[in-house]
Amino acid sequence: MPMHPALKPVSGLIGTWRGAGRGEYPTIDSFEYTEEVTFAEAGKPFLTYVQKTWSPEGAPMHTETGYLRVCDGSALEFVFSQPTGQTELAEGTLIPAADGFSCELHSRVMNSASAKQVDKTRRTIELAGNVLTTSFAMAAVGVPMTHHLASEMRRAN
Ligand code: HEM
């Protein structure tokens, strides 16, 4: 089945990416992690997204899944589901660049009854050829919008 034409601006994401990340937040100890992300299409106007992370010792850390779609050629809508009880509805404008694009996504967040309180998130995604760079900030647990994560991945397949 051919790729849906609406996905053309983000088609460079399709595949699996792997690399290293570092996390911090004022309330926790800093940490390092390995990250693997897979974007896939199935002929529909969205990409599926699966992310997994591991500690330097190989223990599973955070994981999340989601869907990404592009509206009117440049409006990105990314829905994230967290096993920790949050869902993020992230929206931003795709900025084309040489061999890729960048996008800053701002989220509205819903928290389950037992989840740690996350009020807002801000994510950046930058694709440049075979390099995918991400960052993540959040307003959470009483702390205003502050950096939590940064990672750089390369195409694994
Ligand atoms: C690469 C993905 C991520 C990794 C490796 C990661 C890792 C961590 C670690 C190690 C901690 C400290 C220990 C703990 O509470 O478990 C933490 C805390 C936290 N993370 Fe993340 N995280 C990731 C993504 C996220 C995302 C997407 C969110 C929100 C939607 C989030 C929200 C939080 C919150 C609210 C805390 C608690 C802070 C506190 O209790 O003071 N994290 N994270």
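Residues numbered from 1 in each chain as written. Predicted model: local features only at pLDDT ≥ 70, side-chain atom pairs only at ≥ 80, totals over all residues. Heavy atoms only, no water.

Draft legend 1. Fine view of the sheet that holds strand β9 (residues 131-140). Taken together, 10 strands build a closed barrel; the order of strands is β1-β2-β3-β4-β5-β6-β7-β8-β9-β10 and the barrel is antiparallel. Each strand of the sheet is rotated relative to its neighbour by a mean of 25 degrees, with strand direction disregarded. Bridge analysis of β9 against strand β10 (residues 143-155) gives 9 bridges, and the strand direction is antiparallel. Bridging from a neighbouring strand, Phe136 pairs with Leu149 of β10. (Pairing = 2+ DSSP bridges. Helix = DSSP H or I, 4+ residues; strand = E, 2+ residues; numbered from the N terminus. Axes fitted to C-alpha atoms, helices over the stretch in contact; angles between N-to-C directions.)

Draft legend 2. Main features of the coordination of the iron atom of the ligand. Of all protein atoms, just one serves as a donor to the iron atom of the ligand, and that atom is His148 (NE2), at 2.3 Å. Residue placement: His148 occurs in strand β10. (Donors = N, O, S within 2.8 Å, 3.2 Å for Na, K, Ca; no water.)

Draft legend 3. Up close: the UniProt feature "domain: THAP4-like heme-binding" (unreviewed entry) in the protein. Within this structure's numbering, the places UniProt gives as "domain: THAP4-like heme-binding" (unreviewed entry) are residues 7-155. In this annotation, residues 7-155 is assigned 0% helix and 74% strand; the end-to-end C-alpha distance for the span is 19 Å. (UniProt positions renumbered as here; feature names shortened; annotations may be inferred.)

Draft legend 4. Focus on the packing of aromatic side chains. Overall, the coordinates contain 7 aromatic pairs when judged by the stated rule. With centroids separated by 5.3 Å and ring planes inclined at 45 degrees, the aromatic side chains of Phe39 and Tyr49 adopt a geometry described as tilted. Taken as a pair, Phe39 in strand β2 (residues 28-41) and Tyr49 in strand β3 (residues 47-54) lie far apart in primary sequence, 10 residues in all. By relative accessible area, Phe39 is classed as buried at 4%. On the basis of an interplanar angle of 80 degrees and a centroid distance of 5.0 Å, the ring pair of Tyr49 and Phe78 is categorised as edge-to-face. A residue pair is termed long-range when its members are at least 10 positions apart, and Tyr49 in strand β3 and Phe78 in strand β5 (residues 75-81) qualify at 29 residues. Neither Tyr49 nor Phe78 differs from the other in exposure class; each is buried. What links up through ring pairs into an aromatic cluster is the set Phe39, Tyr49, Phe78 and Phe80. (Phe/Tyr/Trp six-rings, centres within 6.5 Å; stacked < 30°, edge-to-face > 60°. Buried < 20%, exposed > 50% of the residue type's maximum accessible area, 1.4 Å probe, protein only.)

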